[in-house]
Amino acid sequence: NCFSFSLLVCSQFSRGVFAIFGFYDKKSVNTITSFCGTLHVSFITPSFPTDGTHPFVIQMRPDLKGALLSLIEYYQWTKFAYLYDSDRGLSTLQAVLDSAAEKKWQVTAINVGNINNDRKDETYRSLFQDLEVKKERRVILDCERDKVNDIVDQVITIGKHVKGYHYIIANLGFTDGDLSKIQFGGANVSGFQIVDYDDPLVSKFIQRWSTLEEKEYPGAHTSTIKYTSALTYDAVQVMTEAFRNLRKQRIEISRRGNAGDCLANPAVPWGHGVEIERALKQVQVEGLTGNIKFDQNGKRINFTINVMELKSTGPRKIGYWSEVDKMVVNPLDGPLGNESSGLENKTIIVTTILESPYVMMKKNHEMLEGNDRYEGYCVDLATEIAKHCGFKYKLTIVGDGKYGARDADTKIWNGMVGELVYGKADIAIAPLTITLVREEVIDFSKPFMSLGISIMIKKPQKSKPGVFSFLDPLAYEIWMCIVFAYIGVSVVLFLVSRFSPYEWHTEEFEDGRETQTNESTNEFGIFNSLWFSLGAFMQQGCDISPRSLSGRIVGGVWWFFTLIIISSYTANLAAFLTVERMVSPIESAEDLSKQTEIAYGTLDSGSTKEFFRKMCVAVVFRKCIVFLKSVVDCSGENVNRTASTAWKNQESFQLILYRCIISIIVRSRILPDGVVNGGTVEFHHSGITPVNLAVLKLSEQGVLDKLKNKWWYDKGECGAKDSGSKEKTSALSLSNVAGVFYILVGGLGLAMLVALIEFCYKSRAEAKRMKVAKNAQNINPTSSQNSQNFATYKEGYNVYGIESVKI
């Protein structure tokens, strides 16, 4: 608080100090400047410059406003975000806003000085996500180095350090922090540097500094120095030079006489304070921060600030700024950041993933070193690309065994994409799919293979033809409708024949020349109607036909019906009997969503899982994502182990993968009977610009096709390419037509059984009739004889349907 601070200043003043050295912040700056002005005690500080006139305050830090405004104009920014720390004052922000109003810039000012340390990471991520929504990709960070480091860490975490972003670090220590984390991301990073390491004075100091004992001098044995430390060193040098000059001028400085009184009311200033202030302002020396000279207000003048940019090789000076020359840029450096350096004669770290047959360990890999331990499609591809681009490379396997996905909560990338984003690797050569979120943080080359999303299932067994496979051309419902139609037509024909008078005709029975009786008959009884309909359906005809118009209409429409049905049946019968089909239980994602018996999953941290997660807005994909089972470890070995276990246990499990990976598993030793169903998505090779030309050249020369044939077909265990993939028509076997023979044999057996039943029934009826006739003859021989003859005549006519039988 102010009271404690006042007591501290008075305590130092009462001890007889000649000047005070220290730092201040926004809360204490007014108190310090007030005390120093009242007591005439000079205050030398490396803190941020203050606005206005403050006597007895010597500011070692140069003002950055002019250099920052010149750099903004140099980059021709008209819209940007300005993140500032309120503890460092608002003078620079006010200068930027004044220029923005004059030049019509769009500035989004955000205070990051009062962010809670407990939730600072989350706050920074949320802040930059909001800026991304506003399309703010140019950001000025007006903060001290510690806060800049925290912001940069979160920028890297959410992938905002890639090509298309530009950051200006508005402090004087561009090289003080660790820039290696953001160096390879692709974003342009600019800043200012007050300590010039090319200066002989600085080089000499660093050489002496590196030889000191670290125990006695903490921070020694380093090749760099923070700009605040350099300003502190220069402040001590200024005070030393000022008192040396006072001694040369024989000016007696003493606190014994007019020493002043801090506690008096009003306070009594020190009498020699004015001479010391004048001596300090008259100092002009060369320090670690360049030329040191002050104006009458104690502010630095005639200083030079180096303008820096982060290149792929590290921080590099692109120019300088001074009060006289303003912004001066080296002729060889353009206005944009990271240059596109070549790959020649460089050793590049290439990250990849163990996935057969892309990258595999050789059987004798324990006896080998370096890149010789690996083999596969991507290994050969990396060798060919290195030959065309002229660089050396070192293959490394990704540590977590994942392709790369961004955590939804922390926004941190894992897998190969994470190693590229965080600068652990330069290029990734792997079956890596291009997606929107990945494209935002890394660059993709031309694709070396274009394939699709697929579903891997156990290859279904070929459906063997059943005994009644000849019924397959028509559905079960059609056969039932045909049966009902047959019965219905027969009944209608029977009724029509009964009602129509034209179906009845008279039969004459003659005994010699005399006509004994006339009787009307109808040929279309129920059994004859069924027989007529059956004969027409079998296209065999019948010995009776309708005579009435209504009956012939029934017969005509039935014949037309049977013509179409039989023709359709015959057309489909050949295909069903000669081609053995594979019945796949799953044909699409919709089929997956409609069932719960078959479990399914994707590789963890892969683009397929992200596809289902983002597409869950649709009903089909929403059902899928609820039921989805993720394979935690996405390495090829674990995928093979998971699928192989499900195959051996006859479990219903499906992997939703990319067709290329599925083809690998299909053509491997573990799963020789896989089958895939898929769509269209592309695999891409992540890398840098010169790789594009190499990939295109290899494609035109046919090298990529040769590599694919080598690792997919030549070294596979499932035969040549496309072997056995097409269904071929073969001769009919007995199993195809066995049902027809069964029906024939069954019909013959049924006919013999019916004939036997008819014989037994007729024999019994005849025996009963003969017994009745014999009894009647015993009673009346003459009458019984005539009755017997007439009964036999009538019975013969009714049973056999002939015109007359003479008995």
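This structure is a prediction, so every number in the text was calculated from the model and none was measured.

Caption draft 1: Highlighting the overall build of the protein chain. Within the protein chain one finds 25 helices and 26 strands. Considering the protein chain as a whole, with its 807 residues, one finds that 42% of them fall into the buried category. Of all intrachain contacts in the protein chain linking residues separated by at least 6 positions in sequence, the fraction that spans at least 24 positions is 67%. In the structure as shown, the protein chain presents an accessible area of about 44,200 Å², 55% of it carried by carbon and sulfur atoms.

Caption draft 2: The arrangement of the sheet that holds strand S6 (residues 138-142) in detail. The strand order across the open sheet built from eight strands is S5-S4-S6-S7-S8-S11-S12-S13, with neighbouring strands paired in mixed fashion. In this open sheet, the two edge strands, each paired with only one partner strand, are strand S5 (106-111) and strand S13 (326-329). On average, each strand axis in the sheet is inclined to that of its neighbour by 25°, with strand direction left out of account. Of the strand pairs in this sheet, strand S8 (residues 188-193) and strand S11 (residues 304-311) are connected by four bridges, and their pairing is antiparallel. Looking across to S11, one finds that Gln193 is bridged to Asn306. Strand contacts of helix H6 (residues 145-157): strand S4 (79-84), S6 and strand S7 (166-169), with the helix running at about 165° to S7, the strand carrying the most contacts.

Caption draft 3: How the structure looks around the pairing of S7. Burial along S7 is two-sided: His166 and Ile168 and Tyr167 and Ile169, pointing in opposite directions, are all buried. Sheet analysis places S6 next to S7, joined by four bridges and oriented parallel. Bridged to Ile140 within S7 is Ile168. Handedness of the crossover joining S6 and S7 through H6: right-handed. For S7 and S8, the ladder comprises four bridges, and the chain directions are parallel. By the bridge assignment, Ile168 is partnered in S8 with Ser190.

Caption draft 4: Quick look at the confidence of the model for the protein chain. Scored by pLDDT, the protein chain has a mean of 75; 70% of the residues are at 70 or more. Predicted confidence for residues 629-637 stays below pLDDT 50, and this span has 27 contacts to residues more than four positions away or in other chains. Within the model, pLDDT remains below 50 along residues 646-687, and this stretch shows 181 contacts once partners closer than five positions in the same chain are excluded.

Caption draft 5: Structural view of the pattern of salt bridges. Evaluated as defined, the whole model comprises twelve salt bridges. The salt bridge involving Asp150 is made with Lys120; its shortest N-O contact spans 3.1 Å. Placement of Asp150 in helix H6 and of Lys120 in helix H5 (residues 120-133) is noted, with a sequence separation of 30 residues between them. The exposure class assigned to Asp150 is partly exposed, which follows from its relative accessible area of 23%. The residue Glu132 makes a salt bridge to Lys160 at a minimum N-O spacing of 3.8 Å. Of the two residues, Glu132 sits in helix H5 while Lys160 sits in the loop between H6 and S7, which places them 28 residues apart along the sequence. Glu132 sits in the buried class, given a relative accessible area of 16%. Here Lys160 falls in the buried class, since its relative accessible area comes to 10%. Among the charged side chains, a salt-bridge network with shared partners connects Glu132, Arg137 and Lys160.

Caption draft 6: Structural view of the packing of aromatic side chains. Counted by the stated rule, this structure contains 19 aromatic pairs. Between Phe18 and Phe243, the aromatic rings sit 6.0 Å apart at their centres with planes inclined by 85°, giving edge-to-face as the arrangement. Here the residue Phe18 occupies a position in the loop between helix H1 (2-14) and strand S1 (19-21), and Phe243 occupies one in helix H9 (residues 227-248), the gap between them amounting to 225 residues. Each residue in the set Tyr74, Tyr75, Trp77, Phe80 and Trp105 is aromatic and connected to the rest through ring pairs, giving one cluster.

Caption draft 7: Up close: H6. Helix length check: H6 (13 residues) gives 18 Å between terminal C-alpha atoms against 18 Å at 1.5 Å per residue, within 8%. Within H6, burial applies to Arg145, Lys147, Val148, Ile151, Val152, Gln154, Val155, Ile156 and Thr157. Just downstream of H6, Gly159 is the residue with a positive phi angle, here 75°.

Caption draft 8: The arrangement of the side chain of Lys281 in detail. Its place among the elements puts Lys281 in helix H10 (residues 273-281). Here Gln296 takes part through its backbone oxygen, which lies 2.6 Å from a polar atom of the side chain of Lys281. Here Lys281 is in contact with Ile58, Phe294, Asp295, Gln296, Asn297 and Gly298, once residues within four sequence places are set aside.

Caption draft 9: Examining the packing of helix H3 (residues 65-75) against helix H4 (residues 91-103) more closely. At a minimum axis distance of 10 Å, the contact between H3 and H4 shows a crossing angle of 40°. The handedness of the crossing between H3 and H4 comes out as right-handed. In this structure, H3 uses Lys65, Leu68, Leu69 and Glu73 to contact H4, whose residues at the interface are Ser91, Thr92, Ala95, Val96, Ser99 and Lys103. Among the residues forming the contact of H3 with H4, the class breakdown is four nonpolar, three polar and three charged.

Caption draft 10: How the structure looks around the environment of Ile442. You can see Ile442 is positioned in the loop between helix H13 (436-439) and strand S19 (449-451). Judged by its relative accessible area of 7%, Ile442 falls in the buried class. Taking the C-alpha atoms as reference points, Ile442 and Ile427, 15 residues apart in sequence, are found 9.8 Å from one another.

Caption draft 11: Representation of helix H15 (residues 526-537) in the model. Spanning twelve residues, H15 covers 17 Å between terminal C-alpha atoms, matching the ideal 16 Å at 1.5 Å per step. Of all the residues in H15, the buried ones are Ser529, Phe532, Ser533, Gly535, Ala536 and Phe537. Two residues or fewer after H15 comes Gln539, characterised by a positive phi angle close to 55°.

Caption draft 12: Looking closely at the sheet that holds strand S3 (residues 57-59). One open sheet accounts for three strands, arranged S1-S2-S3; its pairing is parallel. The two strands at the open ends of the sheet, each matched to only one other strand, are S1 and S3. Shown here is a sheet whose adjacent strand axes are inclined to one another by a mean of 20°, direction ignored. Pairing of S1 with strand S2 (residues 42-45) involves three bridges; the strand directions are parallel. Of the residues in S2, the one forming a bridge with Phe21 is Ile44.

Caption draft 13: Structural view of the environment of Met60. Looking at the secondary structure, you find Met60 in the loop between S3 and H3. Of the residues examined, Met60 reaches a relative accessible area of 0% and is grouped as buried. Residues Met60 and Ser47, 13 residues apart in the sequence, show an inter-C-alpha distance of 7.5 Å. The residues touching Met60, leaving out its near neighbours within four places in the chain, are Ile44, Thr45, Pro46, Leu231, Asp234, Ala235, Val238, Ile292, Phe294 and Arg300.

Caption draft 14: Quick peek at the nonpolar core. One finds Met60, Leu68, Ile140, Ile168, Phe192, Leu280 and Ile305 to be the most contacted residues of the largest nonpolar core, which totals 60 residues. Within the second largest apolar cluster, 44 residues are counted, among which are Leu127, Phe128, Ala425 and Val437.

Caption draft 15: Seen up close, a nonpolar patch on the surface. On the surface, a cluster of nonpolar side chains totalling about 1,100 Å² of accessible area is made up of Tyr476, Met480, Val483, Phe484, Ile487, Val491, Leu495, Phe499, Ile526 and Phe527. For the nonpolar patch, the secondary structure elements donating two or more residues are helix H14 (476-499) and H15. Here the element with the most residues in the nonpolar patch is H14; it accounts for eight residues. By secondary structure assignment, the location of Phe527 is in helix H15.

Caption draft 16: Main features of the pairing of S11. Where burial is concerned, most of S11 is hidden: seven out of the eight residues are buried. Pairing geometry for S11 and strand S12 (residues 314-322), over eight bridges, is antiparallel. Bridged to Ile305 within S12 is Trp321. The turn joining S11 and S12, which pair antiparallel and follow one another in sequence, is formed by two residues.

What counts and how
Residues numbered from 1 in each chain as written. Predicted model: local features only at pLDDT ≥ 70, side-chain atom pairs only at ≥ 80, totals over all residues. Heavy atoms only, no water. Helix = DSSP H or I, 4+ residues; strand = E, 2+ residues; numbered from the N terminus. Buried < 20%, exposed > 50% of the residue type's maximum accessible area, 1.4 Å probe, protein only. Contact = heavy atoms within 4.5 Å. Areas by Shrake-Rupley, 256 points an atom, 1.4 Å probe, with all protein chains shown as cover. Pairing = 2+ DSSP bridges. Axes fitted to C-alpha atoms, helices over the stretch in contact; angles between N-to-C directions. Right-handed = clockwise from strand over helix to strand, strands pointing away. pLDDT = per-residue confidence, 0-100. Salt bridge = Lys/Arg side-chain N within 4 Å of Asp/Glu carboxyl O. Phe/Tyr/Trp six-rings, centres within 6.5 Å; stacked < 30°, edge-to-face > 60°. Expected span 1.5 Å × (residues − 1). Polar contact = N/O pair within 3.5 Å; in protein donor to acceptor, adjacent residues only side chain to side chain. Left-handed = near helix turned anticlockwise from the far one by under 90°. Nonpolar A, V, L, I, M, F, W, Y, C, P; charged D, E, K, R; others polar. Core = buried A, V, L, I, M, F, W, Y, C linked by side-chain atoms within 4.5 Å. Patch = residues over 30% accessible without salt bridge, like charges linked within 9 Å, V, L, I, M, F, W, Y side chains within 5 Å.

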